[in-house]
Amino acid sequence: MHSPWADWDHVLKVDPDKDLVDGETFDDVCETGTDAIEIGGTLDVTSDKMRRVIDACRTHDVPLYQEPSNPAVVVEDDALDGYLVPVVMNAGDVAWITGAHKEWVRIDDVDWARTATEAYIVLNPEASVAELTDADCEQNADDIAAYAEVAERMLGQDVVYVEYSGTLGDPEKVAAAYDALEEATLFYGGGIHDYDDAYLMGQRSDVVVVGDLLHEEGCEAVRETVEGARDGKAAR
Ligand SMILES: CC(C)=CCC/C(C)=C/CC/C(C)=C/CC/C(C)=C/COP(=O)(O)OP(=O)(O)O
Ligand SMILES: O=P(O)(O)OC[C@@H](O)CO
Ligand SMILES: [Mg+2]
């Protein structure tokens, strides 16, 4: 797969298990100005819920990616631009490093031309993703830089993802991952609530990922984070 994310500043992550705010539709979601929509969440995602979001977004131009949390929720659909499959670098349970992937490849005919992996470094111990994967979130900036380098140089990962789902991360740790990478694209996600948060992390990563804000505050708040991410990158 080529690397469309190399040109992105902002990704909106839609959790198929969560509602939009009252009065908003997926048409509004597709018009927030984000560079791509990723559909995924850790808990209570099903292929039916995935399909509902894909269907609601299919007529829009915004690139649409599925981020499956396990092989059972992978949906085949021409409306998808591709699949971004997590690999959790600091998982305690190896199922989330290669085990689930091995099972997926065993049972499915994987469309590799439309599939890429994301090397996650999971850093908020309170997040469901940390609990599920038994991630070791006690990592200092040097550890994180080393994980990022291992992901890019040893495992050939094109996307490294510093994940603080639910809370705003430590900017110095995010910058450490950014500085450790040569070509790979750094995604930052977690706790982005407004323009300033997005600006802060936009200065320290390639792509700012916004999730819960969409479901809690709505599209106008997301639009501000698109601006913040772009301005932060431009000011770097
Ligand atoms: C092999 C295949 C197809 C899938 C496995 C992919 C892996 C390794 C998944 C483990 C990590 C994971 C569950 C990633 C999902 C993306 C993610 C981090 C979503 C954010 O989730 P949270 O915000 O923690 O959870 P909720 O919002 O659902 O509570
Ligand atoms: O929901 P938030 O905290 O914005 O996190 C975004 C994303 O990194 C979750 O995987
Ligand atoms: Mg979440």
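Scoring rules and cut-offs
- Residues numbered from 1 in each chain as written.
- Chains lettered and ligands numbered in written order.
- Predicted model: local features only at pLDDT ≥ 70, side-chain atom pairs only at ≥ 80, totals over all residues.
- Heavy atoms only, no water.
- Helix = DSSP H or I, 4+ residues; strand = E, 2+ residues; numbered from the N terminus.
- Rg over C-alpha atoms; globule rule 2.2 N^0.38 Å.
- Buried < 20%, exposed > 50% of the residue type's maximum accessible area, 1.4 Å probe, protein only.
- Contact = heavy atoms within 4.5 Å.
- Lys, Arg positive; Asp, Glu negative; His and termini not counted.
- Charge placed at Lys NZ, Arg CZ, Asp CG, Glu CD.
- Pairing = 2+ DSSP bridges.

A few words on the overall build of the protein chain. Of regular secondary structure, the protein chain possesses nine helices and eight strands. Here the C-alpha radius of gyration of the protein chain, 16 Å, is about what a compact globule of 236 residues would show, namely 18 Å. In terms of overall dimensions, the protein chain has a C-alpha envelope of 45 × 45 × 35 Å along the principal axes. In the protein chain, which comprises 236 residues, the share counted as buried stands at 53%. When contacts within the protein chain are restricted to residue pairs at least 6 apart in sequence, those whose partners lie at least 24 apart make up 71%. Within the protein chain, one finds 16 positive and 54 negative side-chain charges whose respective centroids are separated by 4 Å.

On to the pairing of strand E6 (residues 159–163). Counted residue by residue, E6 has five buried out of five residues, so it is predominantly covered. Here E6 shows a buried face lined by Val159, Tyr161 and Glu163 and a second buried face lined by Val160 and Val162. Of the strand pairs in this sheet, strand E5 (residues 115–122) and E6 are connected by four bridges, and their pairing is parallel. For Val122, the partnering residue across the bridge sits in E6 and is Glu163.

Let us look at the environment of Ile54. With respect to the helices, strands and loops of the structure, Ile54 is situated in helix H2 (residues 47–57). Here Ile54 falls in the buried class, since its relative accessible area comes to 0%. Along the primary structure Ile54 and Glu103 are separated by 49 residues, whereas in three dimensions their C-alpha atoms are 24 Å apart. Ile54 has contacts with Ile39, Leu64, Val75, Asp77, Ala79 and Leu80, leaving out every residue within four places of it along the chain.

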